[in-house]
Number of protein chains: 2
Amino acid sequence: MLSQTEENYLKHLLHFGMQEGNAKGISSRQLADKLEVKASSVNDMLKKLKEKNLVQFEPYGKLFLTTEGEQKAVQIIRKHRLWETFLVNKLKFNWADVHEIAEQLEHIQSAHLMDKLDEFLDFPTVDPHGDPIPTREGLFKDDQRISLGDVELNTLVKIVGVKEDSPSFLNYLDKLKIQIGAIIELSAKEEFDESYQIKHEEKTLHVSQKFIENLWVIPTS
Amino acid sequence: MLSQTEENYLKHLLHFGMQEGNAKGISSRQLADKLEVKASSVNDMLKKLKEKNLVQFEPYGKLFLTTEGEQKAVQIIRKHRLWETFLVNKLKFNWADVHEIAEQLEHIQSAHLMDKLDEFLDFPTVDPHGDPIPTREGLFKDDQRISLGDVELNTLVKIVGVKEDSPSFLNYLDKLKIQIGAIIELSAKEEFDESYQIKHEEKTLHVSQKFIENLWVIPTS
DNA sequence: ATTAAAAGTTAGACAAATCTAACTTTATTT
DNA sequence: AAATAAAGTTAGATTTGTCTAACTTTTAAT
Ligand SMILES: [Mn+2]
Ligand SMILES: [Mn+2]
Ligand SMILES: [Mn+2]
Ligand SMILES: [Mn+2]
């Protein structure tokens, strides 16, 4: 059985897209920053995970999750998202407050519990932030969402999720009364500071590039 | 913040009735057996908990939980029992299967979560095994339950709980179709092997002394 | 092509929670 | 009271995950 720490390393590796064959392999440096430990700690842990056949790497070489490591990581993400869904849908938590608690709950060891919770939640496919919930078998429904940052001006889109679920961003969305499911239009770009105008329910809002890049959308036909 | 290990020590000390002023102070030997560690490990941990003002003890002397230690322990028990209630009432777990998972869930750190869960469960006062759930403030409703082992023959009683929530005992009760709330009568005792006859819904059952001592009951007037 | 910067690695140390083995104190027998 | 057993303590070792500080390799800049 994996320790919570080992699980966290695997999860972050998957979030960084470190699956086998994925070109944009990320540095252990960034992993260290993200996990808020020193690079040497990351190095020590990677050796340990390699020993357990969960990652693959050679000194000064490329780093990858093995299939086994990826599967483990996916299950942790599944648990994280199911718990977040529970907290919001059942316990009526604000969507900005659930991530921290889910960081703890994702390490509870009981496959049976997750099956029961999944059923109780009526088999949700996305979490409160619009992130897909993998199946029991570890499969993600393939999704067509794109970043609002990649959308042409004057296209109608539906917001389906957020990239980063930081409280500051989520609370900002709440303040603007923008929720998942909202239909918006990216109506203008201000070259000077790369800011944008978006239209939402008759109102026009003015937001930053960072803001629009943080939203997942799908075009509405 | 306390580690899970520290929390487990405190919880077990409370279960052993080690509150200040309680005469039946238990030995660290028994604590070691229960926690499945060596006596020396217990000794090390007790020193640490003493340092943190959670227990009080001198070498070769009596051992007690401080008020602070007791409060912490009560909160852990509260969390354990609320989670068990959630698992049975909401996720439809069998009452024999929840203890193990609650052992993990009791260590999740979020007072807000427990308040929300408490509300979601409609403020339960007892867990699925009939054990009282302390309030937010750490108070146990004082209870009149007594052991079925201490009941006179031919008294009608209502089963309100079980002492040990081991799967073997709980599954045995399921097999006998005896649930919490059942009205039974202790109808006869066999001197030879200290076994008993109990009446339950027209049927007469034959059970051991260990069995009846494991049930909490209240007399029905 | 050198040099400088960044990234990655190693050795040695530390705190937490555990252990074994030896020792001391207290309790129980005879 | 002396001997034996049980309980409790201590010292020193181990494992996990981290650190610092020094070192090596790779990448970027001049
Ligand atoms: Mn999250
Ligand atoms: Mn999420
Ligand atoms: Mn329990
Ligand atoms: Mn219980």
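Residues numbered from 1 in each chain as written. Chains lettered and ligands numbered in written order. Predicted model: local features only at pLDDT ≥ 70, side-chain atom pairs only at ≥ 80, totals over all residues. Heavy atoms only, no water.

Take the protein's contact with DNA strand D next. Around DNA strand D, the structure places 20 residues, and the nearest of them are S3(A), K38(A), S41(A), K48(A) and N43(B). Expressed as a percentage, the sugar and phosphate content of the atoms of DNA strand D within 4 Å of the protein is 70%. Within the side chain of Y9(A), an N or O atom sits 3.4 Å from a phosphate oxygen of DNA strand D. Between DNA strand D and D44(A) there is a distance of 3.3 Å, counted from a base nitrogen to a side-chain nitrogen or oxygen. Elements that contribute at least two residues to the surface near DNA strand D include exactly helix 1 (4–15) and helix 3 (39–51) of chain A together with helix 2 (28–35) and helix 3 (39–51) of chain B. Taken together, the residues that form the surface near DNA strand D break down as seven nonpolar, eight polar and five charged. (Near = heavy atom within 4 Å. Polar contact = N/O pair within 3.5 Å; in protein donor to acceptor, adjacent residues only side chain to side chain. Helix = DSSP H or I, 4+ residues; strand = E, 2+ residues; numbered from the N terminus. Nonpolar A, V, L, I, M, F, W, Y, C, P; charged D, E, K, R; others polar.)

Let us now look at the domain arrangement of chain A. Considered domain by domain, chain A is made up of domain 1 (4–65) and domain 2 (146–219). Look at where the C-alpha atoms of domain 1 of chain A and domain 2 of chain A centre, and you get two points 32 Å apart. (Domains from an automatic or database assignment.)

As a further point, take the relation of the copies chain B and chain A. Overlaying chain B on chain A yields an RMSD of 0.0 Å, the required transformation being a rotation through 180° with an accompanying axial translation of 0.0 Å. These values place the two chain copies in the arrangement generated by a two-fold rotation axis. Residue L105(B) of chain B places its C-alpha closer to the rotation axis than any other residue of that unit, at 3.8 Å. Mapped onto chain A, 100% of the interface residues of chain B again fall at the interface, so both copies present the same surface. (Least-squares fit on C-alpha atoms with pLDDT ≥ 70 in both. Contact = heavy atoms within 4.5 Å.)

Listed as interface residues are 20 residues of chain B and, on the opposing side, 20 residues of chain A. A combined buried area of about 1,600 Å² lies between chain B and chain A, and 74% of that area is made up of carbon and sulfur atoms. When the buried surface of chain B facing chain A is broken down by residue, L91(B), Q104(B) and F120(B) rank first, second and third, together holding 29% of it. Run the count over chain B and chain A and you get zero salt bridges. Applying the counting rule to chain B against chain A returns four residue pairs in polar contact (both at pLDDT 80 or more). When contributions to the side of chain B that touches chain A are tallied by element, the ones reaching two or more residues are helix 4 (67–89), helix 5 (98–105) and helix 6 (111–120) of chain B. (Buried area = accessible area lost by both parts, 1.4 Å probe. Salt bridge = Lys/Arg side-chain N within 4 Å of Asp/Glu carboxyl O.)

Next up on the list: the pairing of strand 4 (residues 156–162) of chain B. Residue and element names in this part refer to chain B. The element strand 4 is largely enclosed, with a buried count of five among its seven residues. One ladder, built from three bridges, connects strand 4 with strand 5 (residues 183–190); its direction is antiparallel. The residue of strand 5 that forms the bridge with V157 is I184. Across five bridges, the pairing between strand 4 and strand 8 (residues 215–219) is antiparallel. (Buried < 20%, exposed > 50% of the residue type's maximum accessible area, 1.4 Å probe, protein only. Pairing = 2+ DSSP bridges.)

Turning our eyes to something else, we now look at the coordination of the manganese ion (ligand 3). All names here are of chain B. Protein-derived ligands of the manganese ion (ligand 3) are H80 (NE2), E84 (OE), H99 (ND1) and D165 (OD), with the metal-ligand distances lying across 2.0 to 2.6 Å. Along the chain, the residues donating to the manganese ion (ligand 3) fall in the pattern H-x3-E-x14-H-x65-D. Taken as a pair, the manganese ion (ligand 3) and the manganese ion (ligand 4) lie 3.5 Å from each other and share E84 as a ligand. Separated by 85 residues along the polypeptide, H80 in helix 4 and D165 in the loop between strand 4 and helix 7 (167–175) bring together distant segments of the chain. On the basis of relative accessible area, H80 is assigned to the buried category, the value being 8%. (Donors = N, O, S within 2.8 Å, 3.2 Å for Na, K, Ca; no water.)

A few words now on the packing of aromatic side chains. Aromatic ring pairs: the centre-centre distance and the angle between the two ring planes describe each pair. In the structure shown here, the tally under the stated rule is 11 aromatic pairs over all chains. Centroid distance F120(A) to F86(B): 6.2 Å. Interplanar angle 80°. Geometry classified as edge-to-face. Of the two residues, F120(A) is situated in helix 6 (residues 111–120) and F86(B) in helix 4; the pairing between them involves two chains. Between Y172(B) and F211(B), the ring centres sit 5.3 Å apart and the planes meet at 75°, which makes this aromatic pair edge-to-face. Linking Y172(B) in helix 7 with F211(B) in helix 8 (residues 209–213), this pair joins segments that are 39 residues apart in sequence. Of the residues examined, Y172(B) reaches a relative accessible area of 31% and is grouped as partly exposed. Feature note: the residues W83(A), F86(A), F120(A), W83(B), F86(B) and F120(B) constitute an aromatic cluster, connected by ring pairs. Residue placement shows K163(B) over the ring face of W216(B); its charged tip is 4.9 Å from the ring centre. (Phe/Tyr/Trp six-rings, centres within 6.5 Å; stacked < 30°, edge-to-face > 60°. Lys NZ or Arg CZ within 6 Å of the ring centre and 35° of its normal.)

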